[in-house]
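# Summary of the model geometry
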Amino acid sequence: MADIKKVIVIGAGYTGMLAALGAAKRAKGRVHVTLVNPWERFTERLRMHQIATGQKLAEHRIPDLVAGTGIDFVQGRATGIDTAAHVVTVSTGDDSQVFLGYDTLVYAIGSTTDTGRVPGVAEHAFTLDAPQSAQDMAAHLARRDNGEFLVCGAGLTGIEAATEIAESHPNVRVTLLSRGEPAAMMGARARAYLVAALDRLGVSVRAGVSVTKVLPDGVELEGGEFVAGDGCLWTTGVRVVPLATEAGIATDEHGRIRTDAMLRSVSHPEIYAVGDAAAIPQAYGVLHGTCQSGMPTAAHAAENIARQLQGKQLKPFRFGYLHQPVSLGRKDAVIQFTYGDDTPRRWYITGRAAIFYKETVSSSPVKTYGLAKRLAISSRMLATTGGKRNKPVAWGRFGPASFTG
Ligand SMILES: Cc1cc2nc3c(=O)[nH]c(=O)nc-3n(C[C@H](O)[C@H](O)[C@H](O)COP(=O)(O)OP(=O)(O)OC[C@H]3O[C@@H](n4cnc5c(N)ncnc54)[C@H](O)[C@@H]3O)c2cc1C
């Protein structure tokens, strides 16, 4: 009988799910895959701003998503990695722990909002990290339907949240506070469209300010100005919990595992890192955390795990960004198309075509899991392969009429 290798995947978010399904499919009969996650419910992080404004989403259970694949699901939180003994400690609640031995480990624990840099954030601000925090924010908005709400950070997450709140709670006065201009990474015309949408929805934008303290009834800005608000959402900056760093695995300044081109840890090659929890070098720099880049990393890690078991040469990972999709409430959106290095192209789409595009993006991971049970999904099937001038692969289906160039 073949020697069955133990693959442990920690984190069953977007990337951990696909890495587990991919490894189980590609190395069937050679591996036993165990997937570890604190909750049974699959968290659709792309839709967290919808939960935070009181929308009811479809529920996907992890055991159902992996049913029939032979993957074991362990509900619990990984609390330690013994890299010498190849054992992960998992806290399963009520002071109980299980110890899972591995031949190969896939690190897919994602990232969380950095609530440690500014005083008061952890105590007084909501985040979009977990369903509970998003549900708490929804309950708050329902109670204060005519209050003042502050959104700190005008990156894509802050913009999606601010527009969603303004649209679903028209009596709430929403203010977006940010150091830089909203969506500074987009091209000028897509950004102008986005700024007009913020204005139409009544979102006040205060750019060029720095929040230095979050209080129960507002925030303090650099220079001492107080901005009143009976609720605050924090979206600026992410970090990875220090699980890998504490285990002595080489990480970067954000706590992400530093990988080689094959997606293996540079210090512990039996550990693969994917998604937001990985610092993956590309020709244009280190990938920044998005689902767009994370899903291909997961498919690629699964492929390399299978290739290693078959004695084949591992393949280097190459990725090029395609788009920056942003919802502007439920009735509008803007999609900025990009070069492989995520700098903006001339093209962007807005309105109905963009809503359809964004919804396709948001629902595609769960659909991909169904497909990954039957097919060996490769990173190339999910993404472009890199290079500043690479051609995006997904435009064709919307036709040139949808584009503004
Ligand atoms: C509101 C919002 C909108 C977004 N929109 C987009 C978008 O349009 N396009 C895009 O590309 N990206 C978008 N992103 C970013 C995207 O959600 C992340 O890049 C993506 O979730 C990363 O996937 P991941 O698998 O690395 O992490 P996650 O999806 O966060 O999954 C990590 C999993 O690990 C689990 N976990 C954590 N710690 C442990 C532990 N110690 N033990 C076991 N399990 C653990 C978590 O519970 C979670 O289930 C958005 C993010 C937000 C918040």
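As shown above, the structure is provided for reference.
Residues numbered from 1 in each chain as written. Predicted model: local features only at pLDDT ≥ 70, side-chain atom pairs only at ≥ 80, totals over all residues. Heavy atoms only, no water.

## Structural notes on the overall build of the chain
Assigned secondary structure in the chain consists of 11 helices and 24 strands. A compact globule built from 405 residues would reach a C-alpha radius of gyration of about 22 Å, and the chain, at 21 Å, matches this within 12%. Overall, the chain is about 65 × 55 × 35 Å in size when its C-alpha atoms are taken along their principal axes. Across the 405 residues of the chain, 53% fall into the buried class. Look at the contacts in the chain between residues 6 or more apart in sequence, and 66% of them connect residues 24 or more apart. Accessible area for the chain stands at about 17600 Å²; split by element, carbon and sulfur atoms hold 51% of it. (Helix = DSSP H or I, 4+ residues; strand = E, 2+ residues; numbered from the N terminus. Rg over C-alpha atoms; globule rule 2.2 N^0.38 Å. Buried < 20%, exposed > 50% of the residue type's maximum accessible area, 1.4 Å probe, protein only. Contact = heavy atoms within 4.5 Å. Areas by Shrake-Rupley, 256 points an atom, 1.4 Å probe, with all protein chains shown as cover.)

## With respect to the sheet that holds strand E14 (residues 226-228)
Taking strand neighbours across the sheet as the criterion, the 3 strands line up as E12-E13-E14 in an open arrangement whose pairing is antiparallel. Pairing within the sheet leaves two strands with one partner each, and these edge strands are strand E12 (211-215) and E14. Neighbouring strand axes in the sheet, compared pairwise and without regard to direction, differ in orientation by 20 degrees on average. Pairing of strand E13 (residues 218-221) with E14 involves 3 bridges; the strand directions are antiparallel. Counted as the bridge partner of Glu220 is Phe226 from E14. (Pairing = 2+ DSSP bridges. Axes fitted to C-alpha atoms, helices over the stretch in contact; angles between N-to-C directions.)

## Here's the deal with unusual backbone geometry
A positive phi is found at Asp95, a non-glycine position, where the angle reads about 60 degrees. Relative to the elements of secondary structure, Asp95 occurs in the loop between strand E5 (87-93) and strand E6 (96-101). Unlike most non-glycine residues, Asp342 shows phi in positive territory, near 75 degrees. For Asp342, the position within the fold is in the loop between strand E23 (333-338) and strand E24 (344-350).

## Focus on the site of the ligand
What surrounds the ligand is a group of 29 residues, the closest being Thr15, Asn37, Cys291, Gln292 and Lys358. A distance of 2.8 Å separates an oxygen atom of the ligand from a polar atom in the backbone of Cys291. Gln292 is positioned such that a nitrogen or oxygen atom in its backbone is 2.8 Å from an oxygen atom of the ligand. Looking at the shell around the ligand, the elements with two or more residues in it are helix H1 (14-26), strand E2 (31-37), strand E4 (77-82), helix H6 (156-168) and helix H9 (291-309). (Near = heavy atom within 4 Å. Polar contact = N/O pair within 3.5 Å; in protein donor to acceptor, adjacent residues only side chain to side chain.)

## Observations regarding the pattern of salt bridges
Taken as a whole, this structure holds 19 salt bridges when the rule is applied. One salt bridge connects Arg330 with Glu164, and the closest N-O pair in it is separated by 2.8 Å. Residue Arg330 is found in the loop between strand E22 (323-327) and E23, and its partner Glu164 is found in helix H6; the two are separated by 166 residues along the sequence. Judged by its relative accessible area of 32%, Arg330 falls in the partly exposed class. Note that Asp332 is salt-bridged to Arg200, the shortest N-O span being 2.8 Å. Highlighted residues: Asp332 in the loop between E22 and E23 and Arg200 in helix H7 (residues 188-200), separated in sequence by 132 residues. Salt bridges sharing partners connect three or more residues here, namely Arg26, Glu303 and Lys315. (Salt bridge = Lys/Arg side-chain N within 4 Å of Asp/Glu carboxyl O.)

## Looking at the environment of Arg346
Positionally, Arg346 belongs in strand E24. Each C-alpha atom, one on Arg346 and one on Pro131, is 36 Å from the other, the two residues being 215 residues apart in sequence.

## Let's talk about the packing of aromatic side chains
Each pair of aromatic rings is reported with the distance of its centres and the angle of its planes. Counted under the stated rule, the structure contains 7 aromatic pairs. Summarising the aromatic geometry, the rings of Phe42 and Tyr369 are spaced 5.6 Å apart at their centres and angled 85 degrees between planes, so their arrangement reads as edge-to-face. Here the residue Phe42 occupies a position in the loop between E2 and helix H2 (48-51), and Tyr369 occupies one in helix H10 (residues 351-374), the gap between them amounting to 327 residues. A relative accessible area of 1% places Tyr369 in the buried class. Plain terms: the ring middles of Phe126 and Phe149 are 6.4 Å apart, the flat faces sit at 15 degrees to each other, and that makes the pair stacked. A residue pair is termed long-range when its members are at least 10 positions apart, and Phe126 in the loop between helix H4 (121-124) and helix H5 (131-143) and Phe149 in strand E9 (residues 148-152) qualify at 23 residues. (Phe/Tyr/Trp six-rings, centres within 6.5 Å; stacked < 30°, edge-to-face > 60°.)

## Side note on the packing of H1 against H10
Each packed pair of helices is defined by two parameters, the angle between the axes and the distance between the axes. Viewed as axis vectors pointing N to C, H1 and H10 meet at an angle of 10 degrees, and their least axial separation amounts to 8 Å. By the criterion of interaxial angle, the relationship of H1 to H10 is roughly parallel. Taken together, the residues of H10 that come into contact with H1 (itself represented by Tyr14, Met17, Leu18, Leu21 and Lys25) are Pro365, Thr368, Tyr369, Ala372, Lys373 and Arg374. Residues of the contact of H1 with H10, tallied by class, amount to 7 nonpolar, 1 polar and 3 charged. (Parallel < 35°, antiparallel > 145°, perpendicular 65-115°, else oblique. Nonpolar A, V, L, I, M, F, W, Y, C, P; charged D, E, K, R; others polar.)

## Describing the sheet that holds strand E7 (residues 104-107)
Across the sheet, which stays open at both edges, the 5 strands sit in the order E3-E2-E1-E7-E18 with parallel pairing between neighbours. Two strands lie at the open edges of the sheet, namely strand E3 (72-75) and strand E18 (271-273), each paired on one side alone. Each adjacent strand pair in this sheet contributes to an overall mean axis angle of 20 degrees, direction not counted. Both E2 and E3 contribute to a ladder of 4 bridges, which runs parallel. Across the sheet, Asn37 pairs through a bridge with Gln75, a residue of E3. Relative to E2, H1 is tilted by about 165 degrees, and along the sheet it contacts strand E1 (5-10), E2 and E7.

## Some thoughts on a nonpolar patch on the surface
There is a patch of nonpolar side chains on the surface, built from Leu371, Leu375 and Met381 and spanning about 260 Å² of accessible area. Along the chain, Leu371 falls in helix H10. (Patch = residues over 30% accessible without salt bridge, like charges linked within 9 Å, V, L, I, M, F, W, Y side chains within 5 Å.)

## Some thoughts on the side chain of Glu44
Structurally, Glu44 is set in the loop between E2 and H2. A relative accessible area of 8% places Glu44 in the buried class. Those residues within four positions of Glu44 in sequence are excluded, and the remaining contacts are Tyr14, Ala58, His60, Ser362 and Val366.

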